[in-house]
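What the coordinates show
Spelled out from the first residue to the last, the chains are:
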Amino acid sequence: MDTQRITDYVNEKWDSEIVPQLVEYIKIPNKSPMFDTDWVKNGHMAKAVALMETWARAQKIPGMTVEVVQLENRTPLIFIDIPANGTDDTQDTVLLYGHLDKQPEMTGWDEAEGLSPWAPVLKGDKLYGRGGADDGYAIFGSLTAILALQSQNLPHARCVILIEACEESGSYDLPAYVDHLAPRLGKPSLVVCLDSGCGNYEQLWCTTSLRGLAGGNLRVDVLEEGVHSGDASGIVPSSFRLLRQIIDRIEDETTGKIKLEGLHVEIPQERLQQAGKVAEVLGNEVFDKFPLVEGIQPMAKENTELVLNRTWRPALSITGVDGMPALASAGNVLRPFTAVKLSLRLPPTLDGNTGGQILQDALLKDPPNNAKVSFSLEKSSTGWNAPALSTWLSDAIDQASATFFGKPAMYMGEGGTIPFMGMLGEKFPAAQFMITGVLGPHSNAHGPNEFLHIPMGKKLTACVAHVISAHFAASQRGETTGSGVAADSGDRHGDHGCC
């Protein structure tokens, strides 16, 4: 491999094609089905699919097939099948994954700088707008990595690319597609996912674990309609106060610790070690990467504890509220109900259905003041803890980071959820995983001012090409059919664990 030629090819492809394509993609408000119930009628998802499909079909990859698969009453999925380049008697397969659906707009975009969710803005090395980094670039980066190899006639195994349109809603359509496409997927020995994060933009970061998620809508009703607060307060209990009581069953209001012991797990020793290394490398960037208001203190004094809080401990967020008027129109009324959307992150190894049931049971038992309490569980996704990392993949990741970033690779857990990873881990237990992404400091996926760090995207694409090439070499040596290295296979792998 001529690594300079790989770099040059990838950079030119990003500048001439990928960035312009992402500019058009960002303009499309293709919100995930949970946030756009009329997504079929509105047509935004179909438009985003068409944009990516058209670009993919235009790429000159011999034997490639591009198909939009659409099962009845489900979101579409882009399925790309690329035959092996070079002699490959192993029939090995690399599976590359991404998604094209987006989070909703969210408030707080810097309008003074011209930023908004559906108006792409290019400022220096950053492309602002919803979905570019999460995860619109995935299909472009995946195909470009393969094209870069073929530009030098470098061999690679068969590659399959899946781009789903339901990830931000919990990937509830994906199991049906995995089952439907099972005969065509084969048995991947390497899974590459480009939907994760990075601790900085200076080296390759691989994800060792992902948290699960249980969430839904909690509502407390006390009246059939609003009444004068001076007349009713002191007699009719406040729906907001009762809601606070119920949430207090879940979360300690002082520390933020989740009180339900069934939602905690024992953190593996290697993950504790990795958290310490991440804290050492990033320092205060562990929390400084967020747009904190001046003077705010993080939830723990030690950075290692913050890393563990974010990756291996349950945590509750209130992400929406209903039943409360805006301040400008809030009169002296005791409101009839208060409703909130709960987002409870679960430890990677806790079963999502179990977590959801524990949450639901705690919220609904013994309603305070015999109020009408309801909870609609929308999500219950299991997290993912990566298998042990094979020597060939560990070496390939380290070499890729050193070659294209000039620094060693780093490994850490992520606080988000990618349901597809747990699903694949169960379906293909012998597969190796390279879970990575461009969501680094201040990139703010799901929030306002989301951006894609273009140089990171370019270098990551080159790293993926390197790993796919190394995978082919390992498959020819018969090294891609195992389930990973043993726990005692060396200090270096004990430090990294997996990607």
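Residues numbered from 1 in each chain as written. Predicted model: local features only at pLDDT ≥ 70, side-chain atom pairs only at ≥ 80, totals over all residues. Heavy atoms only, no water.

Side note on the overall build of the protein chain
The line we're drawing: By the criteria applied, helices consist of DSSP H or I runs no shorter than four residues and strands consist of E runs no shorter than two, each listed in order from the N terminus. Throughout, the radius of gyration refers to the C-alpha atoms, and the reference size of a globule is 2.2 Å times the residue count to the power 0.38. Partly exposed describes any residue whose relative accessible area lies between the buried limit of under 20% and the exposed limit of over 50%, with all areas from a 1.4 Å probe on protein chains only and scaled to the type maximum. Whether two residues touch is decided by their heavy atoms; if any such pair falls within 4.5 Å, the residues are in contact. Per-residue accessibility takes into account occlusion by the displayed protein chains alone, with areas from the Shrake-Rupley method and a 1.4 Å probe.
Tallying secondary structure elements over the protein chain gives 15 helices and 18 strands in all. Relative to its length of 499 residues, the protein chain is compact, with a C-alpha radius of gyration of 24 Å against a globular reference of 23 Å. If you line up the protein chain on its principal axes, its C-alpha atoms span 80 × 50 × 45 Å. Put simply, the protein chain has 499 residues, and 54% of those count as buried. Taking as baseline every contact in the protein chain between residues at least 6 positions apart, the subset at least 24 positions apart corresponds to 82%. A total accessible area of about 21,200 Å² is found for the protein chain, and carbon and sulfur atoms account for 49% of it.

Comments concerning helix H8 (residues 269–282)
The condition that has to hold: Helix span, expected: 1.5 Å multiplied by one less than the number of residues in the helix.
Compared with an ideal rise of 1.5 Å per residue, which puts 14 residues at 20 Å, H8 spans 20 Å between its outermost C-alpha atoms and is within 8% of the ideal. A positive backbone phi angle near 60° is found at glycine 283, which sits one or two residues after H8.

Focus: the confidence of the model for the protein chain
For residues with low pLDDT, the predicted coordinates do not support detailed interpretation. Short version of the rule: Within a predicted model, pLDDT stands for the predictor's per-residue confidence, ranging from 0 to 100.
Considering every residue of the protein chain, the mean pLDDT works out to 93; 96% of them sit at 70 or more. Here residues 483–499 scores under 50 on pLDDT; set against residues more than four positions off or in separate chains, the count is 56 contacts.

As for the packing of helix H4 (residues 132–151) against helix H14 (residues 454–476)
For clarity, the threshold we go by: The axes are straight lines fitted to the C-alpha atoms, using for helices just the contacting stretch, and the angles between their N-to-C directions are given from 0 to 180°. Angles below 35 degrees are treated as roughly parallel, those above 145 as roughly antiparallel, those between 65 and 115 as roughly perpendicular, and all remaining angles as oblique. Left-handed describes a crossing in which the near helix is turned anticlockwise from the far one by less than a right angle; the clockwise case is right-handed. In this count, Pro and Cys sit with the nonpolar residues alongside Ala, Val, Leu, Ile, Met, Phe, Trp and Tyr, while Asp, Glu, Lys and Arg are called charged and the others, Gly among them, polar.
For the pair H4 and H14, the least separation of the axes is 8 Å and the interaxial angle reads 55°. With respect to H14, the element H4 is oriented oblique. By crossing handedness, the relation of H4 to H14 is classed as right-handed. Facing Tyr137, Gly141, Thr144, Ala145, Ile146 and Leu149 of H4, the residues of H14 in contact are Leu460, Thr461, Val464, Ala465, Ile468 and Ser469. Looking at side-chain class alone, the contact of H4 with H14 contains eight nonpolar, four polar and no charged residues.

Quick look at the pattern of salt bridges
Selection rule: Salt bridge criterion: a side-chain nitrogen from Lys or Arg within 4 Å of a carboxyl oxygen from Asp or Glu.
Scanning all chains against the criterion turns up 19 salt bridges. The closest approach of N and O atoms between lysine 27 and glutamate 24, which form a salt bridge, is 3.1 Å. Take glutamate 24: its relative accessible area is 37%, and that puts it in the partly exposed class.

Side note on the packing of helix H3 (residues 44–58) against H4
Orientation of H3 relative to H4, taken along the N-to-C sense of each, is 10°, at an axis distance of 11 Å. Between H3 and H4, the angle is such that the two are roughly parallel. Contact residues: Leu51, Met52, Trp55 and Ala56 in H3; Gly136, Ile139, Phe140, Leu143 and Thr144 in H4. Across the contact of H3 with H4, the residue classes tally to seven nonpolar, two polar and no charged.

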